[in-house]
Amino acid sequence: MKTPIENERLEMAAVENIEIDLLLEALLRKYGYDFRQYARGGVKRRIAKAMEKSGIERTTDLIHAALRDQDVFELLLGTLAVNVTEMFRNPSFFRAVRRIVIPELKKRNHVKVWHAGCATGEEVYSMAILLEEADMEKSVRIFATDMNKDVLNIAKAGGYPLERVEKYKANYRMAGCKHSFGDYYRETSGIAEMTPALGDKIVFAEHNLAVDGVFGEMDMIVCRNVLIYFSQELQERVVGLFADSLAQGGYLCLGSHESIAFTSHRDAFEIMSENERIYRKS
């Protein structure tokens, strides 16, 4: 039998979950952003962080503010939609793509790559560099999508703080790239601007993995460190979406802590690199 204190805690947790449900439903109905199937523990932490930043103490007040105050909504959206990335993040992944995927893609006349959940675009430009150094720049089109318009605008602009460049250079070298990272950007007022030639290969567009449909006949899909924020149900949906969006023999690339092993779509793929989470549609 539970004590009165335990019962009170359970009741408070139940009320908190109802309030979070109402907040997420409000974001969907007002703005079209669906976080309802994101992993609940992470959602709670990020909502608490947004409340701390905005000085709002109660979730019910956050609902009201997010619906009526654009600044609060944008702060909440930026907190819920995690956008942590960097150029050539996890260099061993890019080495594996160079070794496993690119030789097969070079056999195709036209190659379409989808970066799903591209955030501010650093990994998209990294892939564009990798494909250019493989002499594929004329045959490739990269489609980079995210549900957040603000981060898409940063990705389109292709400008990043100059203080990050040393880290990017180190990643570039560890990824086994051929030239100098300095060939791919120019300095402008403390910003490293990616060269226009890289951007010419990329089409940026809004796409919400939680609700939007197939992005069809892709030769490679890259979605790294996004599924870890989703519930199991949403992961199931998204992996199915990727399977339907890939051409036969197309490649799916996930983050190092992500896997298709626990989805019903695992038999649709063969493992090309277990360590780097590279799969091929079989």
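Residues numbered from 1 in each chain as written. Predicted model: local features only at pLDDT ≥ 70, side-chain atom pairs only at ≥ 80, totals over all residues. Heavy atoms only, no water.

Caption draft 1: Highlighting the overall build of the chain. Across its full length, the chain holds 10 helices and 10 strands. At 21 Å, the chain has a C-alpha radius of gyration in line with the 19 Å of a compact globule built from 282 residues. Expressed along its principal axes, the backbone C-alpha trace of the chain runs to roughly 65 × 50 × 30 Å. Counting the 282 residues in the chain, one finds 49% classified as buried. Here the analysis covers contacts within the chain between residues at least 6 apart in sequence; of these, 76% occur between residues at least 24 apart. Carbon and sulfur atoms make up 49% of the accessible area of the chain, which amounts to about 13800 Å² in all. When the 38 positive and 42 negative side-chain charges of the chain are each reduced to one mean point, those points stand 4 Å apart. (Helix = DSSP H or I, 4+ residues; strand = E, 2+ residues; numbered from the N terminus. Rg over C-alpha atoms; globule rule 2.2 N^0.38 Å. Buried < 20%, exposed > 50% of the residue type's maximum accessible area, 1.4 Å probe, protein only. Contact = heavy atoms within 4.5 Å. Areas by Shrake-Rupley, 256 points an atom, 1.4 Å probe, with all protein chains shown as cover. Lys, Arg positive; Asp, Glu negative; His and termini not counted. Charge placed at Lys NZ, Arg CZ, Asp CG, Glu CD.)

Caption draft 2: Inspection of the pattern of salt bridges at higher detail. Tallying each qualifying case throughout the model produces 14 salt bridges. Measuring nitrogen to oxygen at the nearest pair gives 4.0 Å for the salt bridge that ties Arg98 to Glu133. Residue Arg98 is found in helix H5 (residues 91-105), and its partner Glu133 is found in helix H6 (residues 122-133); the two are separated by 35 residues along the sequence. Residue Arg98 is classed as partly exposed on the basis of its relative accessible area, which comes to 22%. For Glu133, a relative accessible area of 3% puts it in the buried group. Among the salt bridges present, the one from Glu270 reaches Arg280, with a minimum N-O distance of 3.0 Å. (Salt bridge = Lys/Arg side-chain N within 4 Å of Asp/Glu carboxyl O.)

Caption draft 3: Summary view of the nonpolar core. The biggest cluster of nonpolar side chains holds 48 residues, and the ones touching the most others in it are Phe35 and Leu209. Looking at this core, the elements that each hand over two or more residues are helix H1 (4-31), helix H2 (40-54), helix H3 (59-68), helix H4 (70-80), strand S1 (111-116), strand S7 (218-223), helix H10 (232-245) and strand S8 (246-254). Counting residues in hydrophobic clusters, the runner-up holds 46 residues, among them Val111, Ile129, Tyr168 and Phe181. (Core = buried A, V, L, I, M, F, W, Y, C linked by side-chain atoms within 4.5 Å.)

Caption draft 4: Highlighting the packing of H5 against H6. Contact pair H5 / H6: the axes reach a minimum separation of 11 Å and the direction vectors enclose 45°. By the criterion of interaxial angle, the relationship of H5 to H6 is oblique. Remark: the crossing between H5 and H6 carries right-handed chirality. Within the contact between the two elements, H5 uses Phe93, Phe94, Val97, Arg98 and Ile102 and H6 uses Glu123, Ser126, Met127, Leu130, Leu131 and Glu133. (Axes fitted to C-alpha atoms, helices over the stretch in contact; angles between N-to-C directions. Parallel < 35°, antiparallel > 145°, perpendicular 65-115°, else oblique. Left-handed = near helix turned anticlockwise from the far one by under 90°.)

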